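So you can see what is in the structure, the chains are spelled out below.
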There are 2 protein chains.
Amino acid sequence: MSKADIYEVAKAAGVSISTVSRSFTRPELVSAKTRRKVLEIADKLDFNISRSATALKSGQTYRVAMLMNEEITSWFNTQVFAGIESIMHPAGYDISLFQHIDTPENRHEFFGELPIRRNVDAVFVASFAIDPHEVEQLQRIHVPIIGINTPSTEGFDATVSIDDEKGMYTATQHLISLGHHHIVYPSSEAASISSSIDSRTRGFIRACEDAQEKHDLDWQVLTVPRGAAFADSALSALLSLDDFPDAICCQMDMMAIPLVIKLGRYGHLTPRDYSIIGFDDSPNADTINLTTMRQDPYGMGRTAANKALKLINNETLATPHEIVDAQLVLRGTDAPYQRPQPADLLQ
Amino acid sequence: MSKADIYEVAKAAGVSISTVSRSFTRPELVSAKTRRKVLEIADKLDFNISRSATALKSGQTYRVAMLMNEEITSWFNTQVFAGIESIMHPAGYDISLFQHIDTPENRHEFFGELPIRRNVDAVFVASFAIDPHEVEQLQRIHVPIIGINTPSTEGFDATVSIDDEKGMYTATQHLISLGHHHIVYPSSEAASISSSIDSRTRGFIRACEDAQEKHDLDWQVLTVPRGAAFADSALSALLSLDDFPDAICCQMDMMAIPLVIKLGRYGHLTPRDYSIIGFDDSPNADTINLTTMRQDPYGMGRTAANKALKLINNETLATPHEIVDAQLVLRGTDAPYQRPQPADLLQ
DNA sequence: TTGAAAGCGTTACCAG
DNA sequence: CTGGTAACGCTTTCAA
């Protein structure tokens, strides 16, 4: 009694397979009575339309690919994925995930084989720089390519990006306008391929350079190795500075949050002793009261997905390429500059 | 020149479509020279085997469903998903996600329509209680059903679960053995359907009851409303207690982390003034040095996926149902009980 | 409103 | 090792 096919359903309902098919996919073409009967029998026989067959017949795959740097478990990737999913799933699409597309081996394998060729209806590329050659390769699959936080729009049918550079420029400016002079930017080493992280660094540098003369700044980028312990590396680098800075500008909240907590253990309290600003507004940023630049990767995923749906549907996009700004979220880790006071007076 | 089909490739390569097909899926059956030529031409013509057609032909869908409570963005869900993905993707499967399967509307819709019927090769059910009727419904799709942290193994072909109750029993025992007497368990209200959260509460209660007489305990479960602000609710409930507890036992790290940080602002410092233990070992637990019970949802996802693959392959599982224990991770938020001292002596 | 039949792109059997 | 061909389960004209 298991796995009845469309013929059995048709027979049991006393109709043709055409009618069974229509009862599911174009119910309006079938009389209410027939349809009800068909659906009822189908349910009894555990029957349902096969997506594979539908896909084959229609030429669509009802599947989209999502390429990402690193793991889906990172905050940013999860949020973008969830945003895309929230649009694509109800529209009948599954997401085929390709993680770690930023490692040389995976890149080579992926772009060499192009396993998604003819097997997805659209491709999302989240947050990594694919080089011109790879964009070309991707285009050969002849489906819409949608970028999220890609460094360039070149070769993409649509993109959504936050302006990382401008966002970090704003963050830095905020610290400068609070009167801080000694500003450090702890930065984990750039990935092998340029990513949005680098744009942020540029934003910091540009803001400092622009304000340099007027504000007599002492600023620096403090580069630490990538890896799981990057925040601890930054911490120790910070502590080993001759003068502890009066402001710290962070690449991301995942850098800022551990710093706030652990610097506290070494007697450096924010906002009393220094200001610090993060980037992302990721979980726990509000818990520690972190002032930060907010971005909305979930929303970007939704935007990207909506564009993809239109593109799949052969519609033309009014604005294929969108840039959104990060928002300054003022909380409790920033304060106007105050001349440092002898430690024993602080009690 | 776009989207060549298998016939064009065959013609261009001077072979039959059978050979083209075999060159991709059973290369060992084709001579090296022929294969190389076919692959080369296929690449030139942007051709690749269609998964939809393969799926149709083979009767498999190369798709699995994953049902989850709430959103994929939660730490637990993301980890389980990533674990499943890490096994299923290389094996050629996509994951079709069904979120919020715990809300009445979604449940009704999902189990009524059973949209995955005949459309997935396996179903993963993560961390929610489906009632007996729903298990029955699910079984009607005639594919393996694998549970992750389901409250019962009934109706599942395989399950992996952590023993939430035992884990929390252990956590509670640890606090008791440190000499704490006044222990509070802040708990967000149970979801509409029973989940692993409830097991943890039971573990706490049982541990307290078991130790009650011998240790003269004063324990309580402090229930607060669910929702985004559950940690703040717990915080204020805690602060409004007549006597502040000397130990806090938390449902999960997401409760413990904000509490540690925010209680600090109100002058309650751990481990000086109270011990606190979390559950999960989620991100930032180590940053704040939280003593907690570790679970490994990523690993559970992998285990579940491996079971699924075997089941799909009609193999029998030696141990279909596995239970793993949470591990006590001792860090810095627990200490032996000390009689509270007058506040002014603490400076 | 319904039915018959062709065809979507594979795979697998059977020949050669 | 390679080719011909039927069949997988559906959708979609075209006719009735």
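Residues numbered from 1 in each chain as written. Chains lettered and ligands numbered in written order. Predicted model: local features only at pLDDT ≥ 70, side-chain atom pairs only at ≥ 80, totals over all residues. Heavy atoms only, no water.

In the annotation of an unreviewed UniProt entry, chain A is listed under the name LacI family transcriptional regulator and assigned to Bifidobacterium hapali.

**Q** When you look at the interface of chain A and chain B in this model, what are you seeing that I'm missing?
**A** Accessible area lost upon the coming together of the parts is a frequently used measure of interface size. On the chain B side, the residues contacting the 54 residues of chain A number 53 residues. In total, about 4,400 Å² of surface goes out of reach between chain A and chain B, with carbon and sulfur atoms giving 48% of it. Summed over the shared surface of chain A and chain B, the number is six salt bridges. Among the ionic pairs, Arg140(A) bridges to Asp46(B), the shortest N-O distance being 2.5 Å. Our count for the chain A to chain B interface comes out at 26 residue pairs in polar contact (both at pLDDT 80 or more). Those elements that place two or more of their residues in the side of chain A that touches chain B are α3 (32–44), α4 (51–58), α5 (75–88), β2 (94–98) and α11 (253–265) of chain A. (Contact = heavy atoms within 4.5 Å. Buried area = accessible area lost by both parts, 1.4 Å probe. Salt bridge = Lys/Arg side-chain N within 4 Å of Asp/Glu carboxyl O. Polar contact = N/O pair within 3.5 Å; in protein donor to acceptor, adjacent residues only side chain to side chain. Helix = DSSP H or I, 4+ residues; strand = E, 2+ residues; numbered from the N terminus.)

**Q** Is there a simple way to explain the protein's contact with DNA strand D in this structure?
**A** Taken together, 27 residues lie near DNA strand D, and Ile6(A), Ser21(A), Thr19(B), Arg22(B) and Thr34(B) sit nearest. Here a phosphate oxygen of DNA strand D sits 2.9 Å away from a polar atom, N or O, in the main chain of Ser16(B). A distance of 2.9 Å is found between a phosphate oxygen of DNA strand D and a backbone nitrogen or oxygen belonging to Ser31(B). Those elements giving two or more residues to the surface near DNA strand D turn out to be α2 (17–25) and α4 of chain A together with α2 (17–25) and α4 (51–58) of chain B. In terms of residues, the surface near DNA strand D owes the most to one element, α2(A), which gives five residues. Grouping the constituent residues of the surface near DNA strand D by class yields nine nonpolar, twelve polar and six charged. (Near = heavy atom within 4 Å. Nonpolar A, V, L, I, M, F, W, Y, C, P; charged D, E, K, R; others polar.)

**Q** What is the right way to look at the pairing of strand β5 (residues 158–162) of chain A in this model?
**A** Residues in a regular strand project their side chains so that they alternate between the two faces of the sheet. All names here are of chain A. With respect to burial, β5 is a largely interior element, five of its five residues being buried. Residues Ala158, Val160 and Ile162 line one face of β5 and the alternating positions Thr159 and Ser161 line the opposite face, and both faces are buried. Taken together, the three bridges between strand β4 (residues 145–148) and β5 define a ladder with parallel strand orientation. When the bridges of β5 are listed, Ile146 appears paired with Ala158. Bridging between β5 and strand β11 (residues 321–324) involves four bridges; their strand directions are parallel. The residue bridging Ile162 from the neighbouring strand is Val324, located in β11. (Buried < 20%, exposed > 50% of the residue type's maximum accessible area, 1.4 Å probe, protein only. Pairing = 2+ DSSP bridges.)

**Q** Got a minute to help me understand the nonpolar core in this structure?
**A** Side chains of nonpolar character tend, in soluble globular proteins, to be buried together. Core analysis: the biggest nonpolar cluster contains 92 residues, and Met66(A), Phe124(A), Met66(B) and Phe124(B) have the highest contact counts within it. The next biggest cluster of nonpolar side chains, apart from the first, holds 50 residues, and it includes Ile257(A), Ala231(B), Leu238(B) and Ile288(B). (Core = buried A, V, L, I, M, F, W, Y, C linked by side-chain atoms within 4.5 Å.)

**Q** What is the right way to read empty space enclosed by the protein from this model?
**A** One water molecule sets the probe size; rolling that probe over the atoms shows where empty space is left. For the structure shown, the criterion picks out two cavities of 30 Å³ or more. By volume, the largest cavity is sized at about 40 Å³. What lines the largest cavity is Phe81(A), Glu85(A), Ile95(A), Leu97(A), Phe81(B), Glu85(B), Ile95(B) and Leu97(B). Elements represented by at least two residues in the lining of the largest cavity include exactly α5 and β2 of chain A together with α5 (75–88) and β2 (94–98) of chain B. Partitioned by chemical class, the residues of the lining of the largest cavity number six nonpolar, no polar and two charged. (1 Å grid on protein atoms, 1.4 Å probe; cavity = no way out; pocket = protein on both sides within 12 Å on 5 of 7 lines; lining within 4 Å. Points joined across faces, edges and corners; volume = space filled by probe spheres on them.)

**Q** How do you make sense of the packing of helix α1 (residues 6–13) of chain B against helix α3 (residues 32–44) of chain B when you look at a structure like this?
**A** Relative placement of two packed helices is described by the angle separating their axes and the distance separating the axes. Residues and elements named next belong to chain B. Relative to each other, α1 and α3 sit at 125 degrees, their axes nearing to 9 Å. Of the possible angle classes, the one that applies to α1 and α3 is oblique. Crossing of α1 against α3: the hand is right-handed. Mapping the contact onto sequence places Val9, Ala12 and Ala13 in α1 and Lys37, Val38, Ile41 and Ala42 in α3. (Axes fitted to C-alpha atoms, helices over the stretch in contact; angles between N-to-C directions. Parallel < 35°, antiparallel > 145°, perpendicular 65-115°, else oblique. Left-handed = near helix turned anticlockwise from the far one by under 90°.)

**Q** Looking at this structure, I do not really get the relation of the copies chain A and chain B. What am I missing?
**A** Two chain copies here: they are related by a rotation about an axis and a translation along the same axis. Under the fitted operation, chain A is carried onto chain B by 0.0 Å of movement along the axis and a turn of 180 degrees, and the coordinates agree to an RMSD of 0.1 Å. With respect to symmetry, the two chain copies, as superposed, fit the operation of a two-fold axis. Among all residues of chain A, the minimum C-alpha distance to the rotation axis is found for Ser52(A), at 2.6 Å. Of the interface residues in chain A, 98% have counterparts in chain B that sit at the interface too, so the contact is made through matching surfaces. (Least-squares fit on C-alpha atoms with pLDDT ≥ 70 in both.)

**Q** Sorry if this is basic, but what is going on with the domain arrangement of chain A here?
**A** Residues and elements named next belong to chain A. The domain architecture assigned to chain A consists of domain 1 (6–49), domain 2 (60–161 + 297–324) and domain 3 (164–295 + 329–346). For domain 2 versus domain 3, the separation of C-alpha centres amounts to 32 Å. The partner domain 3 presents eleven residues to the twelve residues of domain 2 that form the contact. Remark: the boundary between domain 2 and domain 3 carries one salt bridge. Residue Glu70 pairs with Arg226 through a salt bridge whose shortest N-O separation is 3.0 Å. On inspection of domain 2 and its partner domain 3, the count reaches one residue pair in polar contact (both at pLDDT 80 or more). Secondary structure elements with two or more residues in the side of domain 2 that touches domain 3: α5 and α12 (297–312). (Domains from an automatic or database assignment.)

**Q** Honestly, the packing of aromatic side chains in this entry has me stumped. Any pointers?
**A** Two descriptors summarise a pair of aromatic rings, namely the distance from one centre to the other and the angle between the planes of the rings. Residue and element names in this part refer to chain A. Within this structure, the stated rule accounts for 15 aromatic pairs over all chains. Ring centres of Tyr185 and Phe204 lie 4.7 Å apart, and the angle between their planes is 20 degrees; on these two criteria the pair is classed as stacked. Of this pair, Tyr185 sits in strand β6 (residues 182–188) while Phe204 is found in helix α9 (residues 196–215), placing the two residues 19 residues apart along the sequence. There is no split in this pair, since Tyr185 and Phe204 are both buried. Cluster of aromatic residues (ring-pair linked, three or more members): Phe98, Phe110 and Phe111. The ring of Phe279 carries the charged tip of Arg200 above its face, separated from the ring centre by 3.9 Å. (Phe/Tyr/Trp six-rings, centres within 6.5 Å; stacked < 30°, edge-to-face > 60°. Lys NZ or Arg CZ within 6 Å of the ring centre and 35° of its normal.)

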